[in-house]
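Coordinates in review
If you want the building blocks of each chain, they are given just below.
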Amino acid sequence: MTTPTHHASAADMDHTYLQVDGQRLHLVSAGAGKPVLLIPGWPQTWYACRHVMMALAEAGFQAIAVDPPGTGLSDRPADGYDTGSVARILHQCMQQLGHARYDVVGHDIGMWVAYALASDYPAAVAKLAVTEAVIPGLAAAPPIFVAPADNRFLWHFMFNQVLDLPEFLIAGKEREYIRFMFDKWSYRRERVAVEVYADAYASPGAMRAGFAYYRAIPETIRQNTLRATKKLAMPVLAIGAEHATKNAPQDTMRDHAPDLRGAVLADCGHFVMEENPEQFLLHLLPFLAEGAPQ
């Protein structure tokens, strides 16, 4: 199977704003057919999904990428950043769009939310694809003392959870901070829309809202301890990257998804949907098409 490179076209995408529990959510859709919800991670926005969206649309799916609460053009509430709260908001979004059953694709923190969504709403989520993260409460917490090469993927977990200090230190240098993350975490940096995200997170309140997902980790862990008592009923695809998490996504899901398959993308860093969408789609498209009506 060969997969062409897909380029986003504004004319092919519809922007939608929904009011859910008093907050505005921004979603972007392309195509028609079985709905697929795409949840990006930090520090990105819906735009990270653009190539995958176009491929899904061409393959006969309706791709729906979201700016999760606090990110992109969505509102930035003061609280509600634990994965259970975010999953509930996104599920309500899909219901408002008329989708009682849908597939979910989650990257990075979007993988945390996608797992909560699949666990909390198993009748709604038909298939789950997750990539490039480990999930708090499912994976063992990493040690504090690690080699610098490993710490480049870990140090921000504690820094981002500290109250107030990160915002104080980064004030006026938000773009530099975001660029640093992409410099360290990407393998094919030229393929990543770094400046789009630097601008998005430099806007007022964006860093605070992004950090809020990390500050909610204790509550997310508490929830996931309960979720872990039941296994996921739907098929699950877990994908890592050679120059980032490698087998960690699949290892994280192994005890929680009886119907699990996985892959590691070669020549790819953390931002898989931008760095190597072609290889990502070689795994994602057949997985989503499996058993789907022709």
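Residues numbered from 1 in each chain as written. Predicted model: local features only at pLDDT ≥ 70, side-chain atom pairs only at ≥ 80, totals over all residues. Heavy atoms only, no water.

If you look the chain up in an unreviewed UniProt entry, it shows as Alpha/beta fold hydrolase from Massilia genomosp. 1.

1. A look at the pattern of salt bridges
We count it as follows: The salt bridge criterion pairs a side-chain nitrogen of Lys or Arg with a carboxyl oxygen of Asp or Glu, the two atoms within 4 Å. Helix and strand assignments follow DSSP, with helices taken as H or I runs no shorter than four residues and strands as E runs no shorter than two, numbered in order from the N terminus. Relative accessible area decides the class of each residue, using a 1.4 Å probe on protein chains only: under 20% of the type maximum gives buried, over 50% gives exposed, and in between gives partly exposed.
The final tally for this structure, using the stated rule, is 14 salt bridges. Across the pair lysine 34 and aspartate 103 runs a salt bridge, and its minimum N-O distance is 3.2 Å. Taken together, the positions of lysine 34 in strand β3 (residues 34-39) and aspartate 103 in strand β5 (residues 102-107) put the pair 69 residues apart, joining distant regions of the chain. When its relative accessible area of 27% is taken as the criterion, lysine 34 is described as partly exposed. Within this structure, Asp259, Arg261 and Glu290 form a network of salt bridges that share partners.

2. A word on the sheet that holds strand β2 (residues 23-30)
Note the threshold: Should DSSP find at least two bridges between two strands, the strands are regarded as paired. Structural elements are reduced to axes, namely lines fitted to C-alpha atoms, with helices fitted over the stretch in contact, and the angle between N-to-C directions of any two is expressed from 0 to 180 degrees. A contact between two residues is defined here by any heavy atoms of the two lying within 4.5 Å.
Read across the sheet, eight strands follow the order β1-β2-β4-β3-β5-β6-β7-β8 without closing on themselves; strand pairing throughout is mixed. Whereas interior strands pair on both sides, the edge strands pair on one side only; in this sheet they are β1 (14-20) and β8 (260-265). In this sheet, adjacent strand axes meet at a mean angle of 20° when their direction is disregarded. Running over the sheet, helix α2 (residues 83-96) touches β1, β2, β3, β4 (61-67) and β5 and is turned about 115° from β1.

3. Side note on the layout of surface pockets
For clarity, the threshold we go by: A cavity here means a set of 1 Å grid points, computed over protein atoms only, where a 1.4 Å probe fits but cannot escape. A pocket is an open set with protein on both sides within 12 Å along at least 5 of 7 lines, and lining residues have an atom within 4 Å of a point. Grid points are joined across faces, edges and corners, and a volume is the space filled by probe spheres set on the points. All residues other than Ala, Val, Leu, Ile, Met, Phe, Trp, Tyr, Cys, Pro, Asp, Glu, Lys and Arg, Gly among them, are scored as polar; the first ten of these are nonpolar and the last four charged.
Taken as a whole, the largest pocket spans an internal volume of roughly 920 Å³. Along the walls of the largest pocket sit 36 residues, with Val134, Pro142, Phe153, Leu154 and Phe157 positioned nearest its centre. Those elements that provide at least two residues to the lining of the largest pocket are α3 (109-120), α4 (148-151), α5 (155-159) and α10 (217-227). With four residues, α5 is the single largest residue contributor to the lining of the largest pocket. Within the lining of the largest pocket, the residues separate by chemical class into 24 nonpolar, seven polar and five charged.

4. Some points on the UniProt feature "domain: AB hydrolase-1" (unreviewed entry) in the chain
How we decide: UniProt positions are given in the numbering used here, feature names are shortened, and annotations may be inferred rather than shown by experiment.
Residues annotated by UniProt as "domain: AB hydrolase-1" (unreviewed entry) correspond here to residues 34-277. The span residues 34-277 carries 42% helix and 16% strand; its end-to-end C-alpha distance comes to 20 Å.

5. Here's the deal with the packing of helix α7 (residues 174-185) against helix α8 (residues 194-202)
Formally: Working rule for angles: under 35 degrees goes down as roughly parallel, over 145 as roughly antiparallel, 65 to 115 as roughly perpendicular, anything else as oblique. Note: crossing handedness is left-handed where the near helix turns anticlockwise from the far helix by less than a right angle, and right-handed where it turns clockwise.
Between α7 and α8, whose axes approach to 8 Å, the crossing angle comes to 140°. As judged from the angle between their axes, α7 and α8 are oblique. Here α7 runs over α8; the crossing is right-handed. Every residue of α8 that contacts α7 at Glu174, Arg175, Ile178, Arg179 and Phe182 is listed here: Val194, Glu195, Tyr197, Ala198, Asp199, Tyr201 and Ala202.

6. So, the nonpolar core
Using the following cut-off: Remark: nonpolar core denotes a set of buried residues (Ala, Val, Leu, Ile, Met, Phe, Trp, Tyr, Cys) joined through side-chain atoms within 4.5 Å.
Membership of the largest hydrophobic core comes to 64 residues, with the highest contact counts inside it found for Leu37, Ile39, Trp42, Leu128 and Met253. Considering every element that reaches this core, the biggest residue donor is α3, with nine residues. Excluding anything up to four places from it in sequence, methionine 253 contacts Met111, Tyr115, Val130, Ile135, Leu232, Val236, Ala238 and Leu260. By size, the runner-up hydrophobic cluster in this structure holds 32 residues, among which are Met54, Leu56, Leu237 and Phe287.

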